[in-house]
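A closer look at the structure
Each chain is listed here by its residues.
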Amino acid sequence: MHRAWFVAAVTFVTIIGAAAFRSLPGLLIDPLHQEFGWSRGTIGAAVSINLALYGLTAPFAAALMDRFGIRRVVAVALTVIAVGSGLTVWMTAAWQLWLCWGLLVGLGSGSMALAFAATVTNRWFTERRGLVSGILTAASASGQLIFLPVLSWIVEHHSWRPAAVTVALAALAVVPFVWILLRDHPADIGVKPYGAGEFVPKPPPVTGAARRTLAVLSTAVRTGTFWLLAGTFAICGASTNGLVQTHFVPAEHDHGMPVTTAASLLAVIGVFDVAGTIASGWFTDRFEPRRLLAVYYALRGLSLLFLPMLLGPAVHPPMLFFIVFYGLDWVATVPPTLALCREQFGEDSAIVFGWVLASHQIGAALVAYLGGLARDVFGSYDLVWYASGSLCAAAALMSLMIRRAPAVVRPALA
């Protein structure tokens with residue numbers, strides 16, 4: 001077996017271990033509201049900071065990986081996540097939640113974002129890139145499947161503080177695993193990338209990571225393709241991380257469902273997310289990515305429009321159908337979006353995808369905050385579900401507008 005598959009396996013396990021921090025925010029809203037009296041909008045603001053930094057850090061993290069190597073960047077990111085999550089157990093004011101969970105965990109998680117998976121895929125594979133990107137994207141959902149039931153049980157039976165400590169320990173546990181087993185480039189061990197016809201020498205470290213990241217952005221924004229990719233991915237983030245991952249559990253709890261049951265449903269979404277994302281990677285290697293995106297967004301929007309009618313105190317067959325249907329589509333958009341970035345922006349595609357991911361997280365951050373605010377104002381999440389479904393319909397149309405010919409992008413500064 002080619003060594004690239006072992007590197008992909010290490011990356012998969014690393015993302016699973018780091019997924020604990022993504023499982024917790026939706027479980028914290030009600031406990032923090034009850035203990036400190038903070039509004040859902042205030043708590044949602046911390047999640048918004050986290051999600052925004054998760055996205056804005058990603059393009060710089062991709063450039064830093066080119067400068068310092070994947071292992072160093074990922075190890076430091078995991079340590080920052082552990083510190084931020086661990087410090088939350090002593091907080092007494094809302095600004096401390098924004099600092100610890102918003103700033104520190106946001107910065108650390110941004111360096112562990114999908115730009116990590118994109119960098120590994122681009123360096124180690126020339127064939128099966130769609131499949132590998134689908135598998136690595138599914139790792140986050142696998143981590144959600146593992147951690148959500150555990151963390152929800154801890155929150156319900158032992159309060160939220162032990163759950164925050166669990167997240168910190170999970171992040172720290174992965175650090176030695178990354179340092180010992182992960183390799184930065186195939187040339188480090190004298191092998192060719194998977195599917196390559198010839199040996200690819202390791203490029204020298206690229207200095208000026210921040211300058212390069214901004215230079216790539218300055219050229220990418222001159223193309224309509226970038227704005228279409230960024231716009232559709234912003235809607236993707238709004239309808240997944242910002243809405244369902246953050247507000248599904250409290251929305252079901254509003255309708256009388258126990259928190260553990262609602263969290264288990266969210267974890268089941270992760271089960272089908274794994275299958276859907278891997279299948280999407282396989283489809284991306286064989287079908288037109290633009291059409292795949294249009295289908296994915298249209299189906300997601302349709303499912304969200306029906307969700308308000310399905311919420312209730314008990315699990316019933318229509319809700320299970322939504323969980324399966326929505327789960328298959330959760331992050332199926334990532335492999336075709338990655339493929340379009342590679343097709344349009346070539347060697348700078350990992351950094352461009354980092355900026356596209358930034359738009360994803362900005363969309364998620366806005367809805368994480370606005371969803372909590374809407375719940376405070378209207379006493380219900382219904383308006384947010386309907387608005388998100390309509391946005392997904394717009395994203396389907398935008399996907400079909402992405403140009404087929406590669407965009408013309410001038411070389412970025414070294």
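- Under an unreviewed UniProt entry, the name given to the chain is MFS transporter, and the organism recorded is Streptomyces broussonetiae.
- The Subcellular location (unreviewed entry) comment attached to the chain in UniProt states, word for word, "Cell membrane".

1. Quick notes on the packing of helix 13 (residues 259-284) against helix 16 (residues 334-345)
- Remark: helix 13 packs on helix 16, axes separated minimally by 8 Å, with the N-to-C direction vectors making an angle of 35 degrees. In this structure, helix 13 contributes Thr-277, Ser-280, Gly-281 and Thr-284 to the contact, and helix 16 contributes Pro-335, Pro-336 and Ala-339.

2. Examining the packing of aromatic side chains
- Enumeration over the complete set of coordinates arrives at 13 aromatic pairs.
- Aromatic pair Phe-36 and Trp-38: ring centres 4.3 Å apart, planes at 10 degrees, arrangement stacked.
- Taking the relative accessible area as the measure of exposure, Phe-36 reaches 23% and is therefore partly exposed.
- With centroids separated by 5.9 Å and ring planes inclined at 25 degrees, the aromatic side chains of Phe-321 and Phe-325 adopt a geometry described as stacked. Separated by four residues within a single helix, Phe-321 and Phe-325 lie in helix 15 (residues 317-329), roughly one turn from each other.
- Relative accessible area serves as the criterion here: at 28%, Phe-325 is assigned to the partly exposed category.
- Taken together, the aromatic side chains of Trp-5, Phe-125 and Tyr-194 make up a single cluster linked through ring pairs.
- Positioned above the aromatic ring of Trp-179 is the side chain of Arg-71, whose terminal nitrogen or guanidinium carbon lies 4.9 Å from the ring centre.

3. Observations concerning the domain arrangement of the chain
- What the domain assignment lists for the chain is domain 1 (3-189) and domain 2 (209-401).
- Between the C-alpha centres of domain 1 and domain 2 the distance comes to 18 Å.
- If you look at the interface, domain 1 gives 49 residues, while domain 2 gives 52 residues.
- Taken together, domain 1 and domain 2 are joined by zero salt bridges.
- Linking domain 1 with domain 2 are two residue pairs in polar contact (both at pLDDT 80 or more), by the criterion used here.
- Elements that contribute at least two residues to the side of domain 1 that touches domain 2 include exactly helix 2 (20-23), helix 3 (25-36), helix 4 (40-68), helix 7 (114-124) and helix 8 (129-158).
- If one sorts the elements of the side of domain 1 that touches domain 2 by residue count, helix 4 sits on top with 18 residues.
- Among the residues making up the side of domain 1 that touches domain 2, the classes are represented as 25 nonpolar, 17 polar and seven charged.

Thresholds applied
- Numbering of residues begins from 1 in every chain and follows the order in which that chain's sequence is written.
- The predicted origin of the model limits local features to residues at a pLDDT of at least 70 and limits the giving and counting of side-chain atom pairs to 80 or more, whereas totals for whole chains, interfaces and linings rest on all residues.
- To obtain the side-chain values, all non-hydrogen atoms of the structure were included, while hydrogens and water were left out.
- UniProt positions are given in the numbering used here, feature names are shortened, and annotations may be inferred rather than shown by experiment.
- The angle between two axes is taken between their N-to-C directions and runs from 0 to 180 degrees, where each axis is a line fitted to C-alpha atoms and a helix contributes only its stretch in contact.
- The secondary structure listing takes helices from DSSP runs of H or I that are at least 4 residues long and strands from runs of E that are at least 2 residues long, numbered from the N terminus.
- Only heavy atoms enter the contact rule, under which two residues are in contact if any of them lie within 4.5 Å.
- Here the aromatic set is Phe, Tyr and Trp, taking the six-membered ring for Trp, and pairing holds for ring centres within 6.5 Å; pairs whose planes are under 30 degrees apart are stacked, those over 60 apart are edge-to-face, and all others are tilted.
- Exposure is judged per residue with a 1.4 Å probe applied to protein chains only, and the accessible area is read against the type maximum: over 50% gives exposed, under 20% gives buried, and values in between give partly exposed.
- Any Lys NZ or Arg CZ found within 6 Å of a ring centre and within 35 degrees of that ring's normal is scored as a charge over the ring.
- Each domain's extent is set by a domain assignment, obtained either automatically or from a database.
- The salt bridge definition used is simple: a Lys or Arg side-chain nitrogen within 4 Å of an Asp or Glu carboxyl oxygen.
- Counted as a polar contact is a pair of N or O atoms within 3.5 Å, where, for protein atoms, one must be capable of donating a hydrogen and the other of accepting one, and residues adjacent in sequence contribute only when both atoms are in side chains.
- Think of it as three bins: nonpolar holds Ala, Val, Leu, Ile, Met, Phe, Trp, Tyr, Cys and Pro, charged holds Asp, Glu, Lys and Arg, and polar takes everything else, Gly as well.

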